[in-house]
Amino acid sequence: MKLYYLAKKVSRLKQISSRFSMAVHILSMISLDPLYSTGDRIARSINSNPVVIRRIMAQLKKAGYIDTKPGVAGASLLISPERLTLLNIFQAVESVDGNQLFKIHKDTDPNCSVGMNIESILLPQLSNAQKAMEHELASVTLAQIVEQLRTKANVK
């Protein structure tokens, strides 16, 4: 029963931007077919603006995960898909202030019993939730995603 209520609450949360899923999509395409993986082809596959794709690819390049060369078709992975986790990808494309996924409001009333204590009580709970998400993302590699894609699409 507790899980049901948690699922209902989670369904009302704001979503993390689609940059993360797009980055996984981009890296999967590069892993499967580096020469085919141009910005325009990836943009068509994702059904997104090529400028958005180039920005995400620039973030992945800055993180040291891919290489692209002007005037040369395709992109290449600089890190083995077995070593690249979903957490690595998430951290490369999602900006999280101070490495904290959850932001706590500041300047609460120091004379209020709730205001003076809420941060110290809530922070460990939010930190635990973030650690659980990071643990889950760290347990999945790009190689696992690509293998699932190959299986579903019967791609060698």
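Note that the structure is predicted; figures quoted are calculated from it, not measured. (Residues numbered from 1 in each chain as written. Predicted model: local features only at pLDDT ≥ 70, side-chain atom pairs only at ≥ 80, totals over all residues. Heavy atoms only, no water.)

Participant: Whenever I open this one, the overall build of the protein chain confuses me. Can you help?
Facilitator: Counting secondary structure elements, the protein chain contains seven helices and two strands. Its helices and strands in sequence order give the protein chain the pattern α-α-α-α-β-β-α-α-α, from N to C terminus. When each of the 156 residues of the protein chain is scored for burial, the buried share is 29%. Long-range contacts, defined as pairs at least 24 residues apart, comprise 64% of the intrachain contacts of the protein chain with a sequence gap of at least 6. (Helix = DSSP H or I, 4+ residues; strand = E, 2+ residues; numbered from the N terminus. Buried < 20%, exposed > 50% of the residue type's maximum accessible area, 1.4 Å probe, protein only. Contact = heavy atoms within 4.5 Å.)

Participant: Which parts of the structure should I look at to understand helix α2 (residues 19–32)?
Facilitator: In an α-helix there are 3.6 residues to a turn, and that puts residues three or four apart on one side. Taking 1.5 Å per residue, 14 residues should reach 20 Å; α2 reaches 20 Å between its end C-alpha atoms and fits that length. Along α2, ten of the 14 residues are buried, which leaves the element largely enclosed by surrounding structure. Every buried residue belonging to α2 is among F20, M22, A23, V24, I26, L27, S28, M29, I30 and S31, and all of these are buried. (Expected span 1.5 Å × (residues − 1).)

Participant: Quick question: what am I supposed to make of the packing of helix α3 (residues 39–46) against helix α4 (residues 50–62) here?
Facilitator: Geometry of a packed helix pair, given as the angle between the helix axes and the separation of the axes. Direction vectors running N to C along α3 and α4 enclose 110°, while the axes themselves pass 9 Å from each other. With respect to α4, the element α3 is oriented roughly perpendicular. Classified by chirality, the crossing of α4 by α3 is right-handed. Residue-level contacts link G39, D40, I42, A43 and I46 of α3 to P50, I53, R54 and M57 of α4. (Axes fitted to C-alpha atoms, helices over the stretch in contact; angles between N-to-C directions. Parallel < 35°, antiparallel > 145°, perpendicular 65-115°, else oblique. Left-handed = near helix turned anticlockwise from the far one by under 90°.)

Participant: How should the side chain of S28 be read in this particular structure?
Facilitator: Summarising the element assignment, S28 is placed in helix α2. Residues in contact with S28, not counting those within four places in the same chain, are L142, I145, V146 and L149.

Participant: It is not clear to me how α4 should be interpreted in this structure. Could you clarify?
Facilitator: Here α4 contains 13 residues, and its C-alpha end-to-end distance of 18 Å stays within 8% of the 18 Å for a straight helix at 1.5 Å per residue. Of the positions making up α4, those classed as buried are I53, I56, M57 and L60. For α4, the buried positions fall inside an angular range of 100° around the axis, keeping them on one side. Exposed and facing more than 90 degrees away from the buried side of α4 are R55 and K62. Residues of α4 that are buried make contact with α2, α3, β1 (66–67) and α5 (86–93). Here α4 starts with a cap whose side-chain oxygen sits 2.8 Å from the backbone nitrogen of V51, and that cap is N49. Within two residues after α4, G64 carries a phi angle of roughly 85°, on the positive side. (Arc of directions from axis to C-beta. Polar contact = N/O pair within 3.5 Å; in protein donor to acceptor, adjacent residues only side chain to side chain.)

Participant: I'm lost on unusual backbone geometry in this one. Help?
Facilitator: Of all residues except glycine, most have a negative phi; of all peptide bonds, most are trans. The phi dihedral of N47 falls on the positive side, at around 65°, and the residue is not glycine. By secondary structure assignment, the location of N47 is in the loop between α3 and α4. Phi angles above zero are rare outside glycine, and D107 is one such case at about 60°. Structurally, the position occupied by D107 is in the loop between α5 and α6 (118–138).

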